[in-house]
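Below, each chain spelled out in residue letters.
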Amino acid sequence: MIYEIRELVDKYWSWLRDRTSVRELNDWVEITTPYLDRHNDYLQIYATIGNGGIRLTDDGYILADLRQSGITFDTPRRRALLEMTLNGFGVRNNGSVLEVRTSEANFCTQKHNLVQAMLAVNDLFSLASPRVTSIFLEDVITWLDDSDVRYTPKVKLTGSSGFDHVFDFVIPKSRQRPERVVRSFNQPDRQSAQTMVFSWIDTKEARPTESSAYAILNDSERPVPQGVPDAMQSYGIHPVRWSGREQAVKELAA
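The structure presented is a predicted model; accordingly, all values stated were derived computationally and were not measured.

Draft legend 1. Examining the overall build of the protein chain more closely. Counting its regular elements, the protein chain contains 8 helices and 11 strands. Taking the principal axes of the C-alpha coordinates as reference, the protein chain spans close to 55 × 50 × 30 Å. Taken over 254 residues, the protein chain has a buried fraction of 48%. If you take every contact in the protein chain between residues at least 6 apart in sequence, the share linking residues at least 24 apart comes to 59%. Carbon and sulfur atoms provide 47% of the accessible area of the protein chain, an area that totals close to 13200 Å². Between the centroid of the 30 positive side chains of the protein chain and the centroid of its 34 negative side chains there is a distance of 3 Å.

Below is the structure:
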């Protein structure tokens with residue numbers, strides 16, 4: 001089992017390396033990653049060296065794109081969710097530019113954190129319509145609170161690879177149930193499944209033996225592609241469709 005998991009992790013690193021490209025732009029270097037945004041375009045970040053370190057940014061792309069789609073951050077709850085999400089990855093919002101500063105030694109970890117933060121914010125605020133007033137994570141929080149589920153929000157767990165992974169909630173161990181880590185996905189797709197699988201595989205060995213993982217999948221606007229829950233289940237992750245969330249209350253509230 002351990003050999004198979006390590007082999008999968010190695011394949012993931014190979015995929016990430018082989019599908020990442022760099023291009024020099026004056027004083028900056030453009031890094032194109034294999035991760036896709038909500039338009040199915042490859043996410044790009046930019047790096048420059050100066051002031052004794054390396055600055056990595058999204059050049060303002062994520063927040064500008066969401067604003068152009070009519071998605072605003074004009075309520076205290078939304079601003080708090082954005083800040084909480086970014087803080088979980090150690091990423092700053094500098095005038096609507098997502099950025100991190102790092103040393104050469106920590107470059108890989110910080111690059112990983114920035115890209116994961118971009119994906120998380122992209123998913124968090126990807127609403128079906130500008131007229132939609134609710135954010136999916138807000139709905140999940142309200143449901144957990146109403147269901148008397150005890151949790152710690154936005155917990156960063158370090159995996160065996162040395163990279164950090166942020167989960168939306170960690171539900172502590174009880175007499176009835178082991179520790180449960182939970183992540184919500186507003187737009188579940190193949191990339192969501194891949195991200196969740198890798199995060200869980202990478203952190204599972206460092207967690208208590210009986211710990212389990214749950215993925216809450218938004219199907220309120222469109223069906224979840226069947227391959228998404230199937231892929232998660234094959235790696236021991238419990239997929240929970242939003243439409244069937246009440247069936248999971250006992251497992252999460254215990």
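Draft legend 2. Layout of the sheet that holds strand E6 (residues 97-102). Spatially, E1-E2-E3-E4-E6-E5 is the arrangement adopted by the 6 strands of the open sheet, whose pairing is antiparallel. Each edge of the open sheet carries a strand with a single partner, namely strand E1 (21-25) and strand E5 (92-94). Adjacent strand axes in the sheet meet at a mean angle of 30°, parallel and antiparallel pairs treated alike. Where E1 and strand E2 (residues 28-36) come together, 5 bridges link them in antiparallel fashion. By the bridge assignment, Val22 is partnered in E2 with Ile31.

Draft legend 3. Quick peek at the packing of helix H3 (residues 76-89) against helix H4 (residues 107-124). It is the contact of H3 with H4, at a shortest axis distance of 9 Å, that shows an interaxial angle of 160°. With respect to H4, the axis of H3 lies roughly antiparallel. For the pair H3 and H4, the sense of crossing is right-handed. Across the interface between the two elements, Leu81, Leu82, Thr85, Leu86 and Phe89 from H3 touch Asn113, Gln116, Ala117, Ala120, Val121 and Leu124 from H4. Across the contact of H3 with H4, the residue classes tally to 8 nonpolar, 3 polar and no charged.

Draft legend 4. Structural context of the pairing of strand E10 (residues 212-217). Burial within E10 is extensive, with 6 of its 6 residues counted as buried. Of the two faces of E10, both are covered, the one formed by Ser212, Tyr214 and Ile216 as well as the one formed by Ala213, Ala215 and Leu217. As judged from the 6 bridges shared by strand E9 (residues 180-185) and E10, these two strands associate in the parallel manner. Within E10, the residue paired with Arg183 across the bridge is Ala215. Taken together, E9, helix H6 (residues 190-204) and E10 constitute a β-α-β crossover, and its handedness is right-handed. Sheet analysis places E10 next to strand E11 (residues 237-241), joined by 5 bridges and oriented parallel. Counted as the bridge partner of Tyr214 is His238 from E11. Crossover handedness for the path E10 to helix H7 (residues 227-233) to E11: right-handed.

Draft legend 5. Molecular detail of the pattern of salt bridges. Inspection of every chain in the model, using the stated rule, returns 9 salt bridges. Across the salt bridge formed by Asp18 and Arg17, the nearest N and O atoms sit 3.7 Å from each other. Taken as a pair, Asp18 and Arg17 share a single burial class, namely exposed. Between Glu179 and Arg207 there is a salt bridge, with its nearest N and O atoms 2.7 Å apart. In this pair, Glu179 is assigned in the loop between strand E8 (164-171) and E9 and Arg207 in the loop between H6 and E10, connecting sequence segments 28 residues apart. What makes Arg207 partly exposed here is its relative accessible area of 24%. A cluster of three or more residues bridged by salt bridges with shared partners is formed by Arg55, Arg92, Glu99 and Arg101.

Calculation notes
- Residues numbered from 1 in each chain as written.
- Predicted model: local features only at pLDDT ≥ 70, side-chain atom pairs only at ≥ 80, totals over all residues.
- Heavy atoms only, no water.
- Helix = DSSP H or I, 4+ residues; strand = E, 2+ residues; numbered from the N terminus.
- Buried < 20%, exposed > 50% of the residue type's maximum accessible area, 1.4 Å probe, protein only.
- Contact = heavy atoms within 4.5 Å.
- Areas by Shrake-Rupley, 256 points an atom, 1.4 Å probe, with all protein chains shown as cover.
- Lys, Arg positive; Asp, Glu negative; His and termini not counted.
- Charge placed at Lys NZ, Arg CZ, Asp CG, Glu CD.
- Pairing = 2+ DSSP bridges.
- Axes fitted to C-alpha atoms, helices over the stretch in contact; angles between N-to-C directions.
- Parallel < 35°, antiparallel > 145°, perpendicular 65-115°, else oblique.
- Left-handed = near helix turned anticlockwise from the far one by under 90°.
- Nonpolar A, V, L, I, M, F, W, Y, C, P; charged D, E, K, R; others polar.
- Right-handed = clockwise from strand over helix to strand, strands pointing away.
- Salt bridge = Lys/Arg side-chain N within 4 Å of Asp/Glu carboxyl O.

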